[in-house]
Each structure stands twice: as C-alpha cells, then as structure tokens.
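Listed below, chain by chain, are the residues.
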Amino acid sequence: MTKKTIYSQLTWPETKEAIAEERVVLLPTGSIEGHGPHCPLDTDTVIAEGVCKRVAELIPDQVLVLPPLSIGLANNHMDFPGTLTFTEITYINMVSEICLGLGHHGFKRILIINGHGGNQPALDVAARIVNNRNPGVLCGVMTYYSTPKAMKIDAEYAKAQGLTGSQDHGGFGETSCYLAFNPDPVDMSKAQKAEIPYSSAFGFGAEDAPVILMPYWSTVTPLGMMGDPRKANAEDGNTYLNVVVEEITQIVRDFKKMNLSSRNDQHDPPAPAWGTHFFAKGDK
Ligand SMILES: [Zn+2]
C-alpha cells in the first residue's frame, strides 16, 4: 500500500509511525477573499493545497499534508462581499497552536506553504513562536510563488501582458493555476484587466518593493484584483505549477535532512527554552 499523505486520514498508530519516520508536515494556508469578478473566493487556498498535494505525490514517504487553513488574514479585502478573515492576533495564535500541537506529538519539521501574500507577516511571527517555544521543532514558512524559478516565470507572464510589475491577484498566474486544478468555478467571461498604480518603490502587498503598503484593497482596485487574466489557461497554469512543485519538493527534501544542534545556553544552571515560561508546567 502506498503511503498515506493526507494527515487527517491517518489513524493514531499510523501517525506515530509517521512521527518516527520524521516526515515533514506541510500546512497549506490560504484565504477566502475577493479575487475579481471571475475567480472564486478560495483561489489562494485551492492553489496552496493543490501545490502541497502535488509535492506529496512526488515524495509520499517524506511528507504529510494537513487540511488547509482556508481562512487567513484578509482584513483589507473586507470591502468585497464574501471575504472572511481573522484578526491578526487570532490568526497568529491559531497557526502557532496548530504547529505547537504537532511538536507536542513529536513532529520535528513543519513547513507552512502559504498561498496568500497578506498572511505572510503573521505566518513569520507564528513560525518564530513555534521555534522559540519548542526548540525541538523546526518550523519554516514560505509562499509558494516565492521560489526563484517561479518568480522568473511570473515576471515573464507579466511582461507578456504589458504589465509594469509582476502584479497578480486573480491575474494571469493565479487564474491559470485555478483553471489547472479545477476550471468549473472560474467564469472566464467575466475576466477583466486591472492594473493598479505601481511604482518600483511602493508595492501593494508586493514583497519586491522597498515600501509595502496594505491599504483597503478597494482603494487601489475597484474590481478587487490586479493583473490581466483574460488569456489565462490551464496549460500555462500547469507549466508554472510543475516548476513550483519541483522547487518546493527539493526544498522539502533539504528540510527533511536539516538538523540543528541543540541550544548552547550559557546560563549556569541552564535556563529552559525562553518561550516555555509562558506555558503551564507540564505543557510544551
Ligand atoms: Zn490570490
């Protein structure tokens, strides 16, 4: 029997085995938010989960995929009907508590595969909390589109559409990926171009600009999207996803091999891990 890779489908004895195998646990994080008039609310979630599942198909004995955390941080998208969000602190707590739970059972490596740029700052904090409170756990976070080859393809797609930056929120890339996973909920007859004011200094959520601005999305794009999805198609989506999956698979392989030496605490007597001060005795 091939290895189960969906975390929630394991029994507890199987989970115990997966812990002994030191499998890397992938947590897909997405968002339920407006993605223009053509793309569904769950665009970021579908892509993040889909990428994780494709990685798991390639290296089934090395990973487990958690159920996606579908709702994320989309406070600035709340002008668009249907958007759901947690407040920042709630989200940080939820993500860190899920990962600390995995650490409690003995999983040593957790990789958050994020699909929504707006989640990124909170995920960074959540992962730091996990690493700090349980030094036996390595918790990393990445956004699927931030791998080097994926970013290069993104830039090429943007150039082909005559866009001034690699803008994509329900644009060519995201729409093509959604079409690759499931074309049914996408309404291409409603696809429109929406280029937002962009300069090299200011990025509306773009990590490649020195100044990151995160105003209400409705102030920069009335359609609640950016980019040009009109020529989006499943074939280009799959070309891009193949590259993303290949890069992330290699990252997971490297992560599985990664070991940290134990803390080298200089106190005499040694102090417990800093974060453990915040937990009741007996908890991790
Ligand atoms: Zn998106």
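These lines cover the structure that appears in this document, whether it is placed above or below. (Residues numbered from 1 in each chain as written. Predicted model: local features only at pLDDT ≥ 70, side-chain atom pairs only at ≥ 80, totals over all residues. Heavy atoms only, no water.)

Topic: the overall build of the protein chain
Under the convention used in this document: Secondary structure elements are defined from DSSP: runs of H or I of at least 4 residues count as helices, runs of E of at least 2 residues count as strands, and each element is numbered from the N terminus. This radius of gyration counts C-alpha atoms alone. The globule rule is 2.2 Å times how many residues there are, raised to the power 0.38. Residue burial is assigned from relative accessible area. The probe radius is 1.4 Å, only protein chains are included, and a residue is buried under 20% of its type maximum, exposed over 50%, and partly exposed in between. What makes two residues a contact is simply this: any of their non-hydrogen atoms within 4.5 Å. Here the Shrake-Rupley method, with its probe set to 1.4 Å, supplies the accessible areas, and only the displayed protein chains count as covering residues.
A tally of helices and strands in the protein chain yields seven helices and six strands. Sequence-ordered secondary structure for the protein chain, helices as α and strands as β, is α-β-α-β-α-β-α-β-α-α-β-β-α. A compact globule built from 284 residues would reach a C-alpha radius of gyration of about 19 Å, and the protein chain, at 20 Å, matches this within 12%. Each principal axis of the C-alpha atoms in the protein chain carries an extent, and together these give about 60 × 45 × 30 Å. Taken across its 284 residues, the protein chain has 48% of its residues classed as buried. Taking all contacts inside the protein chain whose residues are at least 6 apart in sequence as the whole, residues at least 24 apart take part in 75%. Looking at the protein chain as shown, the accessible area adds up to about 14000 Å², and 57% of this sits on carbon and sulfur atoms.

Considering the coordination of the zinc ion
Note the cut-off: Here the term donor refers to an N, O or S atom within 2.8 Å of the metal (or 3.2 Å for Na, K and Ca), and because water is left out of the atoms, sites may appear incomplete.
Those donors, His35 (NE2), Asp44 (OD), Glu174 (OE) and Glu174 (OE), are the protein atoms that reach the zinc ion, and they lie 1.9 to 2.5 Å from it. Mapped onto the sequence, the residues coordinating the zinc ion show the spacing H-x8-D-x129-E. One end of the pair, His35, is in the loop between strand S1 (24-29) and helix H2 (43-58); the other, Glu174, is in helix H6 (residues 172-181), with 139 residues separating them in the sequence. Just as His35 is buried, Glu174 falls in that class too.

Brief notes about the pairing of strand S3 (residues 109-114)
Formally: Here, any two strands with at least 2 DSSP bridges between them count as paired. For crossovers, right-handed means that the path from the first strand over the helix to the second runs clockwise, given strands pointing away from the viewer.
Counted residue by residue, S3 has six buried out of six residues, so it is predominantly covered. In S3, alternate side chains face the same way, and those of Arg109, Leu111 and Ile113 on one face and Ile110, Ile112 and Asn114 on the other are all buried. As paired elements, S1 and S3 share five bridges and run parallel to each other. Bridge pairing in S3 places Leu26 opposite Leu111. Bridge count for S3 against strand S4 (residues 138-143) is six bridges, and the pairing is parallel. Considered in S4, the bridge of Ile113 is made with Met142. In this fold, S3 hands off to helix H4 (residues 120-133), which returns the chain to S4; that crossover is right-handed.

Here we look at the environment of Val125
Among the structural elements, Val125 can be located in helix H4. According to the relative accessible area criterion, Val125 is partly exposed, its value standing at 37%. In this structure the C-alpha to C-alpha distance between Val125 and Asp265, which are 140 residues apart in sequence, comes to 23 Å.

With respect to the pairing of S1
For S1, a buried count of six out of six residues is recorded, marking the element as mostly surrounded by other parts of the structure. Two elements, S1 and strand S2 (residues 63-65), share three bridges in a ladder whose sense is parallel. Residue Val25 lies in a different strand from S2, and its bridge partner there is Leu64. Once the chain exits S1 it traverses H2 before rejoining the sheet at S2, and the crossover so formed is right-handed.

Side note on the packing of aromatic side chains
Condition: Put simply, two rings from Phe, Tyr or Trp (the six-membered ring, in Trp's case) pair if the centres are within 6.5 Å, and we call them stacked under 30 degrees between planes, edge-to-face over 60, tilted for the rest.
Inspection of the entire model under this criterion finds five aromatic pairs. Between the aromatic rings of Tyr7 and Phe107, the centroid separation amounts to 6.1 Å while the plane-to-plane angle is 50°, which identifies the pairing as tilted. Of this pair, Tyr7 sits in the segment before helix H1 (12-20) while Phe107 sits in the loop between helix H3 (88-105) and S3, and the two are 100 residues apart along the sequence. Between Tyr157 and Phe172, the ring centres sit 4.7 Å apart and the planes meet at 70°, which makes this aromatic pair edge-to-face. Of this pair, Tyr157 sits in helix H5 (residues 148-160) while Phe172 is found in helix H6, placing the two residues 15 residues apart along the sequence. Here Tyr157 and Phe172 have matching classes, each one buried. Following the ring pairs from residue to residue traces out a cluster consisting of Tyr157, Phe172 and Tyr240.

Considering the state of the cysteines
Spelled out, the test is: The definition used for a disulfide is geometric: two cysteine sulfur atoms within 2.5 Å.
A complete count under the given rule lists zero disulfides for this structure. The thiol sulfur of Cys52 is not disulfide-bonded, and the nearest other cysteine sulfur, from Cys99, lies at 12 Å. No disulfide involves Cys177; its sulfur sits 9.8 Å from the nearest other cysteine sulfur, which is in Cys39.

A short note on the nonpolar core
Where we set the bar: Buried residues of nine kinds, namely Ala, Val, Leu, Ile, Met, Phe, Trp, Tyr and Cys, make up a nonpolar core once their side-chain atoms join them within 4.5 Å.
Counting residues in each nonpolar core, the largest one holds 34 residues, and the members touching the most others are Leu26, Ile248 and Val252. Elements represented by at least two residues in this core include exactly S1, H2, S2, S3, S4, H5, H6 and helix H7 (234-257). Examining the composition of this core, we find that eight residues originate from one element, H7, more than from any other. Excluding anything up to four places from it in sequence, Leu26 contacts Cys52, Val55, Val63, Leu64, Val65, Leu66, Leu111, Ile113 and Val252. Judged by nonpolar contacts, the second largest core, of 26 residues, contains Val95, Cys99, Leu102 and Val137.

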